[in-house]
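Commentary on secondary and tertiary structure
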Amino acid sequence: MMVSRYKEYKKDNLIIKILTTQNYSENYVLWLKDKKTNKFLEEKKIKFNKSKIEKFIKNCFKSNNILLFGIFYNSTHIGNIKVDFDNINYNCTIGYILGEKKFLGKGITHKSLRKVIDFLFNKLNIRIISTEVLNGNIKSIKLLKRNKFKKIYILKKRVFLNKKILDVIGFQLLNKKTINKIFSTKLNFSNKNYKLNVI
């Protein structure tokens, strides 16, 4: 199944499109260094710079099983949603970050996540979306529950972070239309010239 990459979803000045080295914000590096933004990111242990960020974006773009969406508000890159696919079984994992603090608490992550979920379920026929959060990340847990994710497991005392030992909580969201369907073709994201229709 071939999937397009470039077309945008736009509503209320909110745009979701594939992140590239041409459209990402240089503040991305600052997000990952900010103690509030990266509080629950294990990546905080990595010393990011512009070169590492651009390498990461390029690797995601080249990958045949990753879509890295940028969240843009009035053309400003303010966050990301990353989706890693199991191309054979039509499952995926999802992660998200809203880096620009002035946009926090405005429902932008919820709206963006909701639209990407709709795209994954209704355009790609993804069967299951999964994610993991740390037990202290209350805002992320509330966001997932608001988007109808269900808690399916807890891995006790799994991660050292912020001088604490934290549990990992697994969530998943099932696509009722395709959960019992078997697909004969693989998802394919290798073509870089087609467009992504998010809506």
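Higher on the page you've got the structure.
Predicted model, so just to flag it, every value in this text is computed and none were measured.

The next subject is the layout of surface pockets. Using a probe with the size of a water molecule, rolled over the atoms, empty space left in the structure can be pinpointed. Its boundaries defined by the atoms lining it, the largest pocket holds a volume of some 1,600 Å³. Lining the largest pocket are 47 residues; nearest its centre among them are L41, Y96, I97, N137 and S140. Secondary-structure elements contributing two or more residues to the lining of the largest pocket are helix 1 (28-33), strand 4 (76-86), strand 5 (91-98), helix 3 (108-122), strand 6 (128-134) and helix 4 (138-146). Of the residues assigned to the lining of the largest pocket, the class counts are 21 nonpolar, 14 polar and 12 charged. Size it by volume and the second largest pocket reaches roughly 240 Å³. Looking at the second largest pocket, the residues that line it are R114, I117, D118, F121, N122, K148, L173, L174, N175, K176 and K177. Of the residues forming the lining of the second largest pocket, the biggest block, five residues, is contributed by helix 3. A per-class count over the lining of the second largest pocket returns four nonpolar, two polar and five charged.

As a further point, take the pattern of salt bridges. The full count for this structure, using the stated rule, is four salt bridges. We note a salt bridge from E26 to K50, for which the minimum N-O separation is 3.4 Å. Here E26 is found in the loop between strand 2 (14-18) and helix 1, whereas its partner K50 is found in helix 2 (residues 50-62), with 24 residues between them in sequence. Relative accessible area serves as the criterion here: at 56%, E26 is assigned to the exposed category. On the accessibility criterion, K50 (43% relative accessible area) is partly exposed. With its nearest N and O atoms 3.4 Å apart, the salt bridge here joins R114 to D118. One end of the pair is R114 and the other is D118, both in helix 3 and four residues apart, which spans about a single turn. Classification of R114 by relative accessible area gives partly exposed; the value is 26%. Note on D118: relative accessible area 27%, which makes it partly exposed.

Counted residue by residue, strand 2 has five buried out of five residues, so it is predominantly covered. Two strands pair when backbone bridges link them, and strand 2 and strand 3 (residues 66-73) are joined in this way by five bridges, in the antiparallel orientation. Note on strand 3: the bridge partner recorded for L14 is Y73.

The rules behind these values
- Residues numbered from 1 in each chain as written.
- Predicted model: local features only at pLDDT ≥ 70, side-chain atom pairs only at ≥ 80, totals over all residues.
- Heavy atoms only, no water.
- 1 Å grid on protein atoms, 1.4 Å probe; cavity = no way out; pocket = protein on both sides within 12 Å on 5 of 7 lines; lining within 4 Å.
- Points joined across faces, edges and corners; volume = space filled by probe spheres on them.
- Helix = DSSP H or I, 4+ residues; strand = E, 2+ residues; numbered from the N terminus.
- Nonpolar A, V, L, I, M, F, W, Y, C, P; charged D, E, K, R; others polar.
- Salt bridge = Lys/Arg side-chain N within 4 Å of Asp/Glu carboxyl O.
- Buried < 20%, exposed > 50% of the residue type's maximum accessible area, 1.4 Å probe, protein only.
- Pairing = 2+ DSSP bridges.

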